[in-house]
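Breakdown of the fold
Each chain, written out:
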Amino acid sequence: MKLLVTGGAGFIGSNFIRYYFKAHPDAQIINVDKLTYAANLNNLSEFESRPGYRLVRGDIADARLLEDVFDTPLDAVVHFAAETHVDRSIANARDFIHTNVLGTYTLLDISRKKRIGRFLHVSTDEVYGSLAPGDSADEQSSIQPNSPYAASKAASDMLVRSFWHTYRFPAVTTRCSNNYGPYQFPEKFVPLMITHLLEGKKLPVYGDGLHERDWIFVEDHCRAIDRVLEAGRAGEVYNIGFGHPVPNLEIVRRLIRIVGASEDLIDHVADRPGHDRRYALCTTKIRRELGWEPRVGLQQGLAATVEWYRANPAWVASTRSGEYLAYYEKFYSHRDASLAQL
Ligand code: NAD
Ligand code: DAU
């Protein structure tokens with residue numbers, strides 16, 4: 001398979017590239033990434049000189065750049081690129097509309113014109129909105145996004161749906177729950193709590209901390225994407241989740257125990273505006289149809305994640321210092337230089 005991966009220098013995209021090369025050593029991957037603040041080239045340094053891997057710095061909303069990339073024959077597109085942090089979307093959603101909506105449209109349009117045989121759109125459980133206790137969303141549930149981020153992802157899902165319905169463009173959508181694991185930018189909940197714990201800092205829990213999320217280890221998500229890419233039906237949506245939503249406070253307490261710190265560090269801070277109370281997914285479809293199951297338990301996954309952050313303080317420092325942004329400027333200031341390597 002020759003894949004175009006978008007957003008492969010971010011958290012899930014880089015884990016996916018690592019997973020995919022391990023599972024399919026002969027694969028070829030072109031990674032188009034704008035290298036925003038959320039990207040980190042250290043996530044992929046082991047692949048820099050690997051035959052069959054190329055990074056192209058670029059914006060998925062740039063049709064001309066995509067035209068150039070698509071000059072190489074491709075078997076499939078796996079679309080991760082997005083603005084992803086809810087709090088940032090509350091502060092200013094412009095970049096979210098640009099990348100998640102216009103970027104997805106631009107990628108869909110060119111992929112269709114180039115007759116791509118498979119397009120996997122990576123979406124989120126947040127499009128279903130907040131669920132009542134005991135409820136879970138299946139793939140037919142109504143779309144009720146509540147944050148500007150979730151609304152931009154819901155818009156992208158609707159574009160994908162329309163391309164299947166109108167053009168029979170062979171797209172499939174996955175909607176996954178909250179991921180955690182190595183290489184996650186430390187503004188997100190789990191790595192933020194871990195890095196604060198390792199540094200003895202307070203743990204900022206929004207509101208009462210009883211908001212529930214269905215945490216899945218990132219490698220389980222990557223394996224599910226691989227399975228959907230292989231055997232998912234075009235035009236369909238597949239939910240992906242671990243299957244056990246837990247309150248944020250429970251995650252914080254588990255992390256505290258793993259690190260061996262004190263619960264006195266918990267600091268209840270002002271709540272996120274419009275904070276969704278509960279996400280929960282019905283994942284029967286992917287389990288029955290494609291035989292996928294998560295393999296990493298919550299305790300095992302959290303312990304492995306703590307170990308990874310403990311072992312990689314330089315990676316954490318590089319994401320915070322902005323040093324990596326200077327690095328990008330130096331090495332990837334020329335779009336054409338990257339393209340010439342394709
Ligand atoms: P991330 O923020 O870690 O990485 C996003 C990547 O996209 C970065 O490398 C960034 O540089 C790149 N990017 C941003 N704008 C771009 C543009 N215009 N053109 C090209 N590249 C661009 O995100 P993540 O957490 O790895 O999420 C990846 C995907 O998975 C997203 O589509 C997200 O909505 C979805 N998702 C995430 C989670 C989660 O818990 N993190 C759960 C379900 C679904
Ligand atoms: O559900 C999937 C989604 O999960 C993805 O689509 C998003 O891209 C991803 O960012 C994530 O969104 P959340 O808003 O659920 O994740 P976040 O890590 O920001 O927050 C998780 C929970 O923890 C949420 O209830 C808010 C809370 N929280 C978060 C932060 C950053 C805190 O209590 N304190 C914090 O400092």
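The structure displayed is predicted, hence computed values, not measured ones. Counting starts from 1 at the beginning of each chain's written sequence and moves along it residue by residue. Chain A is the first chain written and ligand 1 is the first ligand written, with later ones labelled in order. Whole-chain, interface and lining totals are the exception, using all residues; otherwise, since this is a predicted model, local features are given only for residues with pLDDT of at least 70 and side-chain atom pairs are given and counted only at 80 or more. The side-chain figures draw on all heavy atoms in the structure; neither hydrogens nor water molecules are used.

Comments concerning the pattern of salt bridges
- In the sections that follow, a salt bridge refers to a side-chain nitrogen of Lys or Arg positioned within 4 Å of a carboxyl oxygen of Asp or Glu. Inspection of the entire model under this criterion finds 20 salt bridges.
- One salt bridge connects Arg254 with Glu250, and the closest N-O pair in it is separated by 3.0 Å. Remark: Glu250 and Arg254 occur in helix 8 (residues 248-259); sequence separation between them is four residues, near one turn of the helix.
- When its relative accessible area of 29% is taken as the criterion, Glu250 is described as partly exposed.
- Beyond isolated ion pairs, a larger network of salt bridges with shared partners links Arg233, Glu236, Lys285 and Glu289. Under the DSSP-based scheme used, a helix requires at least four consecutive residues in state H or I and a strand at least two consecutive residues in state E, with every element numbered from the N terminus. A 1.4 Å probe rolled over the protein chains alone gives each residue an accessible area, and that area as a share of the maximum for its type sets the label: buried under 20%, exposed over 50%, partly exposed in between.

Here we look at helix 8
- Between the first and last C-alpha of helix 8 there are 17 Å, a value that for twelve residues agrees with the 16 Å anticipated at 1.5 Å per step.
- Along helix 8, the positions that sit buried rather than exposed are Asn248, Leu249, Ile251, Val252, Arg254, Leu255, Ile256 and Val259.
- The contact criterion used throughout is that any non-hydrogen atoms of two residues lie within 4.5 Å. At its buried positions, helix 8 is contacted by helix 6 (189-198), strand 8 (203-206), strand 9 (212-213), strand 12 (246-247), strand 13 (266-269) and helix 10 (298-311).
- Trailing helix 8 by a residue or two, Gly260 shows a phi angle of about 85°, which is positive. One less than the residue count of a helix, multiplied by 1.5 Å, gives the span that helix is expected to have.

Considerations on the environment of His165
- Note that His165 resides in helix 5 (residues 148-167).
- For His165, a relative accessible area of 61% translates into the label exposed.
- For the pair formed by His165 and Gly235, sequence separation is 70 residues and the distance between their alpha carbons is 7.6 Å.

Examining the packing of helix 8 against helix 10
- Structural elements are reduced to axes, namely lines fitted to C-alpha atoms, with helices fitted over the stretch in contact, and the angle between N-to-C directions of any two is expressed from 0 to 180 degrees. Packing of helix 8 against helix 10 leaves a shortest axis separation of 10 Å and a crossing angle of 55°. For the element pair helix 8 / helix 10, the angle class is oblique. The crossing of helix 8 and helix 10 is right-handed. Taking contact as the criterion, the partners of Ile251, Arg254, Leu255, Ile258 and Val259 in helix 8 are, on helix 10, Leu298, Gln299, Leu302, Ala303, Val306 and Arg310. When an angle is under 35 degrees it counts as roughly parallel; over 145 it counts as roughly antiparallel; between 65 and 115 it counts as roughly perpendicular; any other value is oblique. Whether a crossing is left-handed or right-handed is set by the direction in which the near helix is turned from the far one by less than a right angle, anticlockwise for left-handed and clockwise for right-handed.

A few points about the site of ligand 1
- Nearness of a residue to a molecule or strand requires only that one of the residue's heavy atoms be within 4 Å of it. Ligand 1 sits among 28 residues. The nearest are Ile12, Asp33, Thr84, Tyr149 and Lys153.
- A 3.5 Å cut-off defines polar contacts: any pair of N or O atoms within that distance qualifies, except that in protein one atom must be a possible hydrogen donor and the other a possible acceptor, and neighbouring residues in sequence count only when both atoms are side-chain atoms. Between ligand 1 and the protein, one listed contact pairs an oxygen atom with a backbone N or O atom of Asn179 at 2.9 Å.
- The accessible surface values rely on the Shrake-Rupley method and a 1.4 Å probe; as for residues, cover is taken only from the protein chains in view. When the free accessible area of ligand 1 is taken as 830 Å², the share hidden by the protein chains comes to 96%.
- Mapped by element, the contributors of at least two residues to the shell around ligand 1 are helix 1 (11-23), strand 5 (119-124) and helix 5.
- If you tally residues by element for the shell around ligand 1, the top one is strand 5, at three residues.
- Residues were grouped as follows: Ala, Val, Leu, Ile, Met, Phe, Trp, Tyr, Cys and Pro as nonpolar; Asp, Glu, Lys and Arg as charged; and all remaining residues, including Gly, as polar. By residue class, the composition of the shell around ligand 1 is 13 nonpolar, eleven polar and four charged.

Overview of unusual backbone geometry
- Phi at Leu35 takes a positive value of approximately 55°, unusual for a residue other than glycine.
- Assignment of secondary structure puts Leu35 in the loop between strand 2 (28-33) and strand 3 (53-57).
- For Leu35, a relative accessible area of 3% translates into the label buried.
- In this structure, Arg115 takes a positive phi of about 55° despite not being glycine.
- Along the polypeptide, Arg115 turns up in the loop between helix 4 (94-113) and strand 5.
- Arg115 sits in the exposed class, given a relative accessible area of 76%.

Quick notes on the pairing of strand 8
- Burial of the side chains of strand 8 is restricted to one face: Leu203 and Val205 are buried, whereas none of Pro204 and Tyr206 on the reverse face is.
- For two strands to be treated as a pair, DSSP must find at least two bridges joining them. Sheet topology places strand 8 next to strand 13; four bridges connect them, and they run parallel. Bridge pairing links Leu203 to Ile266 in strand 13.

Brief notes about the pairing of strand 4 (residues 76-79)
- Burial along strand 4 is two-sided: Ala76 and Val78 facing one way and Val77 and His79 facing the other are all buried.
- Sheet analysis places strand 1 (residues 2-6) next to strand 4, joined by four bridges and oriented parallel. When the sheet's bridge partners are listed, Leu3 is paired in strand 4 with Ala76.
- Taken together, the three bridges between strand 4 and strand 5 define a ladder with parallel strand orientation. Looking at strand 5, one finds that Val77 is bridged to Phe119.

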